[in-house]
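The chain contents come next:
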Amino acid sequence: MIDINEKINSVYTAHSKHNFYARNIISSFVLNNNKLPLNPFTNFDYFMNDMVDRKLTIRGNNNLIYLSDELWQFGIISNGCYHEIKLAMKLKKKLKFFSLGKTINDIKEINISELEFEDELKNECNIEEFINELTTYNLY
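Each value, and the rule that gives it
Residues numbered from 1 in each chain as written. Predicted model: local features only at pLDDT ≥ 70, side-chain atom pairs only at ≥ 80, totals over all residues. Heavy atoms only, no water. Helix = DSSP H or I, 4+ residues; strand = E, 2+ residues; numbered from the N terminus. Salt bridge = Lys/Arg side-chain N within 4 Å of Asp/Glu carboxyl O. Buried < 20%, exposed > 50% of the residue type's maximum accessible area, 1.4 Å probe, protein only. Pairing = 2+ DSSP bridges. Axes fitted to C-alpha atoms, helices over the stretch in contact; angles between N-to-C directions. Contact = heavy atoms within 4.5 Å. Phe/Tyr/Trp six-rings, centres within 6.5 Å; stacked < 30°, edge-to-face > 60°.

Novice: Just checking my understanding: could you explain the environment of K102 for this structure?
Specialist: Relative to the helices and strands, K102 is located in the loop between β4 (94–98) and α5 (119–124). Spatially, the C-alpha atom of K102 lies 15 Å from that of V30, the residues being 72 residues apart in sequence.

Novice: In this structure, what is going on with the pattern of salt bridges? I would like to understand it.
Specialist: Think of it this way: side chains of opposite charge can pair up when their charged atoms draw near. Summed over all chains, the structure comprises three salt bridges. Across the pair K35 and E70 runs a salt bridge whose closest N-O atoms are separated by 3.1 Å. Linking K35 in the loop between α1 (23–32) and β2 (36–38) with E70 in strand β3 (residues 70–74), this pair joins segments that are 35 residues apart in sequence. Among the residues examined, E70 registers a relative accessible area of 4% and is labelled buried.

Novice: Could you clarify how one ought to interpret the sheet that holds strand β1 (residues 10–15) in this entry?
Specialist: Strand order in this open sheet of four strands is β2-β1-β3-β4, and the pairing throughout is parallel. One side of each edge strand has no neighbouring strand; the edge strands of this open sheet are β2 and β4. The average angle at which neighbouring strand axes cross in this sheet is 30°, direction not considered. Sheet topology places β1 next to β3; five bridges connect them, and they run parallel. Opposite Y12, over in β3, you have L71 as the bridge partner. Packed on one face of the sheet, helix α4 (residues 79–90) meets β1, β3 and β4 and runs near 155° to β3.

Novice: Teacher, can you tell me more about the packing of aromatic side chains here?
Specialist: How two aromatic rings sit relative to each other is given by the distance of their centres and the angle of their planes. Per the stated rule, a full pass over the model turns up eight aromatic pairs. Centroid distance W72 to F98: 5.0 Å. Interplanar angle 45°. Geometry classified as tilted. Residue W72 is found in strand β3, and its partner F98 is found in strand β4; the two are separated by 26 residues along the sequence. Across the pair, F98 and W72 agree in class, each one buried. Ring geometry for F117 and F130: centres 6.2 Å apart, planes at 75°, overall edge-to-face. Of this pair, F117 sits in the loop between β4 and α5 while F130 sits in helix α6 (residues 127–136), placing them 13 residues apart in sequence. For the pair formed by F117 and F130, the shared burial category is buried. Clustering of aromatic rings is evident, with ring pairs tying together F29, W72, F74 and F98.

Novice: Can you help me understand the pairing of β1 in this one?
Specialist: Note on strand geometry: in a regular strand, side chains alternate between the two faces of the sheet. Counted residue by residue, β1 has six buried out of six residues, so it is predominantly covered. Burial along β1 is two-sided: S10, Y12 and A14 and V11, T13 and H15, pointing in opposite directions, are all buried. Sheet topology note: the β1/β2 ladder contains three bridges and is parallel. Counted as the bridge partner of S10 is L36 from β2.

Any link to function would need more than the numbers given here.
Structure follows, in structure tokens:
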């Protein structure tokens with residue numbers, strides 16, 4: 001039986017704009033794992049369709065990370081996801097990484113060695129250094 005008054009931990013769901021289609025799949029997956037999804041794409045759509053300065057939505061996303069208990073990364077890691085993960089690490093949040101597909105059943109927890117990165121991010125940061133940081137970070 002589900003206790004609707006029970007407090008559950010919140011999870012910031014990081015995922016690339018290329019996986020925008022999966023925002024509800026991701027939120028459903030998190031809820032099915034008895035966590036509260038804080039999904040930037042369900043809160044702010046994609047940069048509020050540029051009706052506000054993008055920096056305001058980035059600030060909103062970052063504040064969701066501050067409020068969250070954990071950060072779960074889904075699918076390929078983009079530039080934005082990279083910065084969200086770095087903030088979560090700075091805040092000592094629990095991290096988990098997941099594959100992504102077209103259904104909830106396609107989502108599986110993955111190891112750091114299985115992470116994939118967008119080409120844009122590969123050109124902007126040292127991926128090997130980032131993987132080393134993740135490896136030494138206490139993921140809980």
